[in-house]
Amino acid sequence: MGSQGGFGQSKEFLDLVKSIGETRSKAEEDRIVLREIETLKRRIIEPDTPKRKMKEYIIRLVYVEMLGHDASFGYIHAVKMTHDDNLSLKRTGYLAVTLFLNEDHDLIILIVNTIQKDLKSDNFLVVCAALNAVCRLINEETIPAVLPQVVELLGHQKEAVRKKAVMALHRFYQRSPSSVSHLISNFRKRLCDNDPGVMGATLCPLFDLITIDPVSYKDLVISFVNILKQIAERRLPKGYDYHQMPAPFIQIKLLKILAMLGNGDKQASGQMYTVVGEIMKKCDTTSNIGNAILYEGICCVATLHPNPKLLGAAAEAISKLLKSDSHNLKYLGIDALGRLIKTSPEIAEQHQLAVIDCLEDPDHTLKRKTFELLYKMTKSSNVEVIADRMIDYMISIDDSHIKTEIASRCVELAEQFAPSNQWFIQTMNRVFEHAGDLVNAKVAHNLMRLIAEGFGEDDETADNQLRSSAVTSYLRLIGEPKLPSTFLQVICWVLGEYGTSDGKYSASYISGKLCDVAEAYSSNDTVKGYAVTGLMKLYSFEIAAGRKVDILPECQSLIEELSASHSTDLQQRAYELQAIVGLDSPSVETIMPLDASCEDIEIDKSLPFLDSFVQQALEKGADPYIPESLRSAVLNIGPVENRDQHEPSHALRFEAYELPKPISRPSPVSLASSTELVPVPEPIYSREIHQSDKGTTSELRLKLDGVQKKWGKPSYSHPSVSDEPKTTNGTKQPQDSLKRASSSEFGKQQAEITVVPSEKKMLAASLFGGPSKKPPPPTSGHKVSKSGNHHQAVEKTAPLQPQPDLLDLGEPSVSNAEDPFKQLEGLLGSGQDYGSSAAYSDMPTSSQNQRSSVSDLLSSGAELTPSTHNLGKGSDTKNSLQKDSLVRQMGVTPSTQNPNLFKDLLG
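Just so it is clear, the structure is predicted and the values come from calculations on it, not from any experiment.

### Quick notes on the overall build of the protein chain
For step 1, the next point in the chain: The secondary structure content of the protein chain amounts to 42 helices and four strands.
For step 2, the next point in the chain: The burial tally for the protein chain puts 47% of its 907 residues in the buried class.
For step 3, the next point in the chain: For the protein chain, restricting intrachain contacts to residue pairs at least 6 apart in sequence, the fraction spanning at least 24 positions comes to 72%.
For step 4, the next point in the chain: Roughly 46,000 Å² of accessible area belongs to the protein chain as shown, and the carbon and sulfur atoms make up 52% of that amount.

### Some remarks on unusual backbone geometry
For step 1, the next point in the chain: Unusually for a residue other than glycine, Gln244 sits at a positive phi of about 65°.
For step 2, the next point in the chain: With respect to the helices, strands and loops of the structure, Gln244 is situated in the loop between strand S1 (241-242) and strand S2 (245-246).
For step 3, the next point in the chain: For Gln244, a relative accessible area of 65% puts it in the exposed group.
For step 4, the next point in the chain: The phi dihedral of Lys482 is positive, around 55°, even though this residue is not glycine.

### Considerations on the side chain of Gln149
For step 1, the next point in the chain: You can see Gln149 is positioned in helix H8 (residues 143-152).
For step 2, the next point in the chain: Look at Gln149 and you get buried, because its relative accessible area is 12%.
For step 3, the next point in the chain: Here Gln149 is in contact with Gln116, Leu119 and Lys120, once residues within four sequence places are set aside.

### Some remarks on the environment of Thr370
For step 1, the next point in the chain: Within the element layout of this structure, Thr370 appears in helix H21 (residues 364-377).
For step 2, the next point in the chain: Classification of Thr370 by relative accessible area gives buried; the value is 0%.
For step 3, the next point in the chain: Counting along the chain gives 37 residues from Thr370 to Gly333, while the straight-line C-alpha distance between them is 9.9 Å.
For step 4, the next point in the chain: With residues up to four places along the chain from it excluded, the contact list for Thr370 reads Ile334, Val355, Cys358 and Leu359.

### Topic: the state of the cysteines
For step 1, the next point in the chain: All chains considered together, the criterion is met by one disulfide.
For step 2, the next point in the chain: Through a disulfide, Cys515 is tied to Cys555; the S-S separation comes to 2.4 Å. Between Cys515 and Cys555 the disulfide shows an S-S torsion of about 125°. By sign, it is right-handed. On the criterion of sequence distance, the pair formed by Cys515 in helix H28 (residues 507-520) and Cys555 in helix H30 (residues 553-563) is long-range, its members being 40 residues apart. Both residues of the pair, Cys515 and Cys555, belong to the buried class.

### Some words on the pattern of salt bridges
For step 1, the next point in the chain: A full pass over the atoms with the stated rule returns 25 salt bridges.
For step 2, the next point in the chain: The partner of Glu103 in a salt bridge is Arg175, with the nearest N and O atoms 3.1 Å apart. Here Glu103, found in the loop between helix H5 (87-100) and helix H6 (109-119), pairs with Arg175, found in helix H9 (residues 159-175); they are 72 residues apart in sequence, far enough to count as distant.
For step 3, the next point in the chain: Its salt-bridge partner being Arg190, residue Asp193 comes within 2.6 Å of it at the nearest N-O pair.
For step 4, the next point in the chain: With relative accessibility at 3%, the residue Asp193 sits in the buried group.
For step 5, the next point in the chain: The network of salt bridges with shared partners includes Glu12, Glu36, Arg43, Glu56 and Arg60.

### A look at the confidence of the model for the protein chain
For step 1, the next point in the chain: Per-chain confidence: the protein chain averages 75 in pLDDT, with 68% of residues scoring 70 or above.
For step 2, the next point in the chain: Across the protein chain, helix H13 (residues 248-262) holds the top mean pLDDT of 95, while helix H36 (residues 686-693) sits lowest at 39.
For step 3, the next point in the chain: Low pLDDT, under 50, characterises residues 666-704; the stretch is placed with 101 contacts to residues that sit more than four places away or in other chains.
For step 4, the next point in the chain: Taken together, the stretch residues 804-839 has pLDDT below 50 and engages in 53 contacts with residues farther than four places along the chain or on a different chain.

### A closer look at H30
For step 1, the next point in the chain: Within H30 the residues assigned to the buried category are Cys555, Leu558, Ile559, Leu562 and Ser563. For H30, the arc enclosing every buried residue in end-on projection is 135°, short of the 170-degree limit, so these residues lie on one face. Within H30, the exposed residues directed more than 90 degrees away from the buried face are Pro553 and Glu561.
For step 2, the next point in the chain: Buried residues belonging to H30 abut H28, helix H29 (525-544) and helix H31 (568-581).

### Looking at a nonpolar patch on the surface
For step 1, the next point in the chain: Taken together, the side chains of Ile76, Ile109 and Leu110 present a nonpolar region at the surface, about 260 Å² in accessible area.
For step 2, the next point in the chain: The topology assignment puts Ile76 in helix H4 (residues 75-81).
For step 3, the next point in the chain: Note on Ile76: relative accessible area 31%, which makes it partly exposed.

### What about the packing of aromatic side chains?
For step 1, the next point in the chain: Summed over the entire model, instances satisfying the criterion amount to eight aromatic pairs.
For step 2, the next point in the chain: Look at Tyr474 and Phe487: their rings are 5.8 Å apart centre to centre, the planes differ by 80°, and that puts the pair in the edge-to-face class. With Tyr474 in helix H26 (residues 460-477) and Phe487 in helix H27 (residues 485-498), the pair connects residues that are 13 residues apart, well separated along the chain. Taken individually, Tyr474 and Phe487 each receive the classification buried, so the pair is uniform in this respect.
For step 3, the next point in the chain: Among the aromatic side chains, those forming a connected cluster through ring pairs are Phe432, Tyr474 and Phe487.
For step 4, the next point in the chain: Positioned above the aromatic ring of Phe207 is the side chain of Lys253, whose terminal nitrogen or guanidinium carbon lies 4.6 Å from the ring centre.

### Digging into the packing of H5 against helix H7 (residues 124-137)
For step 1, the next point in the chain: Direction vectors running N to C along H5 and H7 enclose 10°, while the axes themselves pass 10 Å from each other. The orientation of H5 relative to H7 falls into the category roughly parallel. Each of Leu87, Lys90, Arg91, Tyr94, Val97 and Thr98 in H5 lies in contact with H7, whose residues at this interface are Leu125, Val126, Ala129, Ala130, Asn132, Ala133, Arg136 and Leu137.
For step 2, the next point in the chain: Residues that form the contact of H5 with H7 fall into these classes: nine nonpolar, two polar and three charged.

### Some remarks on the environment of Val517
For step 1, the next point in the chain: The residue Val517 is located in helix H28 in this model.
For step 2, the next point in the chain: Residues Val517 and Lys528, spaced 11 residues apart in sequence, show a C-alpha to C-alpha distance of 7.6 Å.
For step 3, the next point in the chain: Setting aside residues up to four positions removed in sequence, Val517 forms contacts with Ile478, Leu488, Cys492 and Val527.

### Describing a negative patch on the surface
For step 1, the next point in the chain: Side chains of Asp516, Glu519, Glu554 and Glu561 sit close together on the surface and give a patch of like negative charge.
For step 2, the next point in the chain: Listing elements by their share of the negative patch, those giving two or more residues are H28 and H30.
For step 3, the next point in the chain: Along the chain, the position of Glu519 falls in helix H28.

### Concerning the packing of H29 against H31
For any two helices packed against each other, one specifies the crossing angle of their axes together with the interaxial distance.
For step 1, the next point in the chain: Where H29 contacts H31, the two axes come as close as 10 Å, and the packing angle between them is 10°. Classified by the angle their axes make, H29 and H31 are roughly parallel. Residues Asp525, Lys528, Gly529, Tyr530, Val532, Thr533, Leu535, Met536, Tyr539, Ser540 and Ile543 of H29 lie in contact with H31, whose contacting residues are Leu570, Arg573, Ala574, Glu576, Leu577, Ile580 and Val581.
For step 2, the next point in the chain: Its residues placed into classes, the contact of H29 with H31 shows 11 nonpolar, three polar and four charged.

### Some details on the nonpolar core
For step 1, the next point in the chain: In this structure, Ile115, Phe172, Phe224 and Tyr474 are the most contacted members of the largest nonpolar core, which totals 208 residues.
For step 2, the next point in the chain: Among residues more than four places away in sequence, those in contact with Ile115 are Tyr94, Ala130, Ala133, Val134, Ile138 and Val146.

### Points about helix H15 (residues 273-281)
For step 1, the next point in the chain: Of all nine residues in H15, seven are buried; the element is thus mostly enclosed.
For step 2, the next point in the chain: Turning to H15, its buried residues number three or more, namely Tyr273, Val275, Val276, Gly277, Glu278, Ile279 and Met280.
For step 3, the next point in the chain: Looking at the buried residues of H15, the elements they touch are helix H12 (221-232), H13, helix H14 (266-270), helix H16 (288-303) and helix H17 (308-322).

### Overview of the environment of Thr82
For step 1, the next point in the chain: The residue Thr82 is located in the loop between H4 and H5 in this model.
For step 2, the next point in the chain: In the structure, Thr82 is positioned 12 residues away from Tyr94 in sequence and 5.7 Å away in space, judged by C-alpha atoms.
For step 3, the next point in the chain: Among all residues touching Thr82, those that are not within four sequence positions of it are Lys90, Gly93, Tyr94, Val97, Ile111, Thr114 and Asp118.

About the cut-offs
- Residues numbered from 1 in each chain as written.
- Predicted model: local features only at pLDDT ≥ 70, side-chain atom pairs only at ≥ 80, totals over all residues.
- Heavy atoms only, no water.
- Helix = DSSP H or I, 4+ residues; strand = E, 2+ residues; numbered from the N terminus.
- Buried < 20%, exposed > 50% of the residue type's maximum accessible area, 1.4 Å probe, protein only.
- Contact = heavy atoms within 4.5 Å.
- Areas by Shrake-Rupley, 256 points an atom, 1.4 Å probe, with all protein chains shown as cover.
- Disulfide = S-S within 2.5 Å.
- Salt bridge = Lys/Arg side-chain N within 4 Å of Asp/Glu carboxyl O.
- pLDDT = per-residue confidence, 0-100.
- Arc of directions from axis to C-beta.
- Patch = residues over 30% accessible without salt bridge, like charges linked within 9 Å, V, L, I, M, F, W, Y side chains within 5 Å.
- Phe/Tyr/Trp six-rings, centres within 6.5 Å; stacked < 30°, edge-to-face > 60°.
- Lys NZ or Arg CZ within 6 Å of the ring centre and 35° of its normal.
- Axes fitted to C-alpha atoms, helices over the stretch in contact; angles between N-to-C directions.
- Parallel < 35°, antiparallel > 145°, perpendicular 65-115°, else oblique.
- Nonpolar A, V, L, I, M, F, W, Y, C, P; charged D, E, K, R; others polar.
- Lys, Arg positive; Asp, Glu negative; His and termini not counted.
- Charge placed at Lys NZ, Arg CZ, Asp CG, Glu CD.
- Core = buried A, V, L, I, M, F, W, Y, C linked by side-chain atoms within 4.5 Å.

This is the structure:
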């Protein structure tokens with residue numbers, strides 16, 4: 001093997017690593033690795049191989065696997081090495097098997113006994129190696145074999161063993177919760193472990209448990225608050241610091257836990273205000289880890305019961321993030337602001353110009369996050385500006401997935417907050433024109449239904465104006481090249497249904513446009529089908545009105561062409577058109593009534609008109625209908641009453657068949673009532689049937705009631721957005737108060753943000769419902785918006801009083817009797833290290849289960865006082881806006897929750 005190289009490995013191994021690092025192509029690397037595999041295959045099976053060399057061979061196998069090649073021929077040797085008594089070899093074997101094998105590998109059964117033996121070892125390093133393998137390799141079937149030993153190790157004298165035992169139990173809970181459900185109390189006990197590392201490991205399983213059932217762990221709020229306060233006061237050893245931040249990862253986990261426990265609970269939230277405010281105040285914003293803790297603190301404040309001073313501190317922290325030069329910190333600020341406006345909508349107005357800067361930033365990720373924030377802030381007064389911005393952004397991107405989500409959100413905003421129907425149709429036209437077939441087909445159906453139903457009131461004039469506006473806009477767009485197929489279907493349907501209703505356009509003109517569409521998109525059978533159906537509606541309405549129908553030559557040639565089409569659907573439509581043109585006026589009016597697309601079609605499931613036909617067929621010897629419940633037994637041979645007792649047989653039968661029994665012929669009425677066939681519209685052109693053809697064409701389909709639907713994505717809808725936020729106090733502050741505000745850092749930032757171009761001010765006014773204004777200092781007393789009976793009024797602070805401390809929140813302390821940390825501090829000697837066991841040994845693990853009444857909870861759907869600023873376009877009054885909003889809800893009702901485009905980013 002050559003002489004020894006560095007790190008105790010042979011020179012041959014080091015040369016292998018060096019040669020692979022110097023390769024310039026994947027093919028050259030593969031040649032070197034394949035040559036190494038052949039060498040290892042030959043040497044690893046040599047008898048009397050020294051253990052030192054075998055250890056190196058196993059390490060080289062790990063290296064081969066890391067490069068993506070198969071080293072399964074050496075797995076068994078790694079398993080054998082776990083049985084060795086030498087500590088170095090055993091740990092190497094455990095490391096190799098955890099990298100080589102998975103929990104379902106066949107070799108797992110060979111190391112279970114070894115793990116059981118090593119878990120009882122006196123050497124804690126061996127126990128730690130075995131626990132590492134337990135977390136990686138033990139599956140649901142083998143958990144009972146090692147569970148007792150792992151639980152026993154929770155009381156081990158070494159903190160490293162206890163920490164790994166907690167991690168192993170957490171892994172067991174993730175794989176099989178039922179197997180460790182009786183051991184959940186051990187996590188509560190380990191929360192008070194003497195070692196902070198064990199306590200930190202316990203937070204992970206407790207986080208999973210609290211996520212599922214927060215109510216059961218409300219009694220741990222005081223314990224979590226105590227731990228977080230000790231960390232903030234730097235009572236942990238220096239070894240837990242990272243970039244001069246004390247135990248930052250434990251802080252983040254605790255803030256997440258407190259956010260879940262304090263959500264919707266006023267009393268529990270009151271116990272957290274002080275420590276959360278202290279954490280946010282001590283964050284070092286010059287490092288990434290400090291900003292991470294600050295962001296998590298803002299998220300925690302957004303979920304707790306609202307506190308004015310904490311909200312002010314969160315707003316100040318968001319301002320620092322938005323003013324940063326780093327795109328990552330701006331992204332954090334936009335995301336945090338989106339979380340905070342759910343609790344305090346007026347905070348967004350304080351940062352409106354910063355939001356505009358992010359909206360115009362060239363970074364696409366930041367821009368998408370800003371659009372998500374604006375999506376949450378949309379209301380009737382700013383929907384036009386936001387929708388236009390979103391459509392412009394949608395046009396500028398090429399990613400089909402992002403374009404689909406942006407289009408869906410534009411549709412949702414237009415449906416819920418459109419100031420007028422004309423604007424809604426224009427917005428939908430732009431979405432269809434630029435998003436193409438990426439728009440959900442359900443959107444097209446809802447648009448057609450809106451045009452057909454109109455306002456949903458007895459305002460026929462407004463409905464006709466809406467339809468006339470739609471026809472005019474579609475005639476203008478129909479000449480555009482390469483329109484999406486879904487949009488063309490909507491255009492053909494609207495032109496066929498309402499093209500001549502207002503008298504502005506003749507039937508020959510509209511029919512010529514429809515023929516042009518069918519000719520321009522000759523390869524799209526669906527579009528041609530919609531065009532032919534539109535022609536049929538036009539001619540039907542003309543015949544029913546007593547006017548003479550003049551079929552254009554190009555329309556006649558189109559009908560003749562489609563009559564010989566390979567598509568049976570197009571043939572049927574062409575023949576139906578020819579048949580309707582030859583009928584008289586009363587017949588056509590009965591078949592194709594005017595504006596009947598929204599009428600309900602009554603279906604008689606018994607199909608009585610088929611009774612005579614069924615009776616004649618039965619008399620001629622036809623077989624009766626077999627119910628669906630008996631069809632599965634048709635393959636069984638034997639009498640009907642015995643078919644369920646025999647399995648279908650594919651072998652030959654040699655016994656004699658039984659004589660056939662006379663068949664009782666059921667009456668036609670019973671056949672009709674027992675049938676499971678119901679007429680349903682043909683799926684290819686269901687829209688015309690439901691909306692204008694009044695069920696003239698139907699087919700029979702089996703009922704599928706009760707069958708689970710496995711396909712189909714949810715439709716688009718937008719949850720109700722809260723009303724306009726109450727405008728902040730616009731009164732002028734005294735001169736002394738302004739001086740104090742300008743002396744602070746936050747005041748300087750706000751002073752910088754006020755100097756902006758006039759265009760940016762106008763855009764901010766359009767988006768946020770009012771002119772840009774300088775926000776008051778967040779720590780000074782100011783009014784907050786009320787939400788029912790749940791928000792409590794905040795008293796105004798005298799302008800000449802000194803600035804209050806952030807942590808003086810005016811809430812009751814954690815413990816009413818005495819300081820909860822006096823007992824802990826009393827246990828610490830003068831020369832005792834902060835990492836001693838006293839820091840956690842007497843920590844309370846439970847307290848009385850304090851829950852606030854329902855009346856004290858913050859209602860997420862509370863009404864807010866609407867803003868006095870209404871900058872919607874047009875001359876519509878407030879009443880008409882409310883009327884149009886009601887129309888959108890009645891005409892187009894979304895059916896599912898809106899999609900979350902960025903839910904995989906930052907939680």
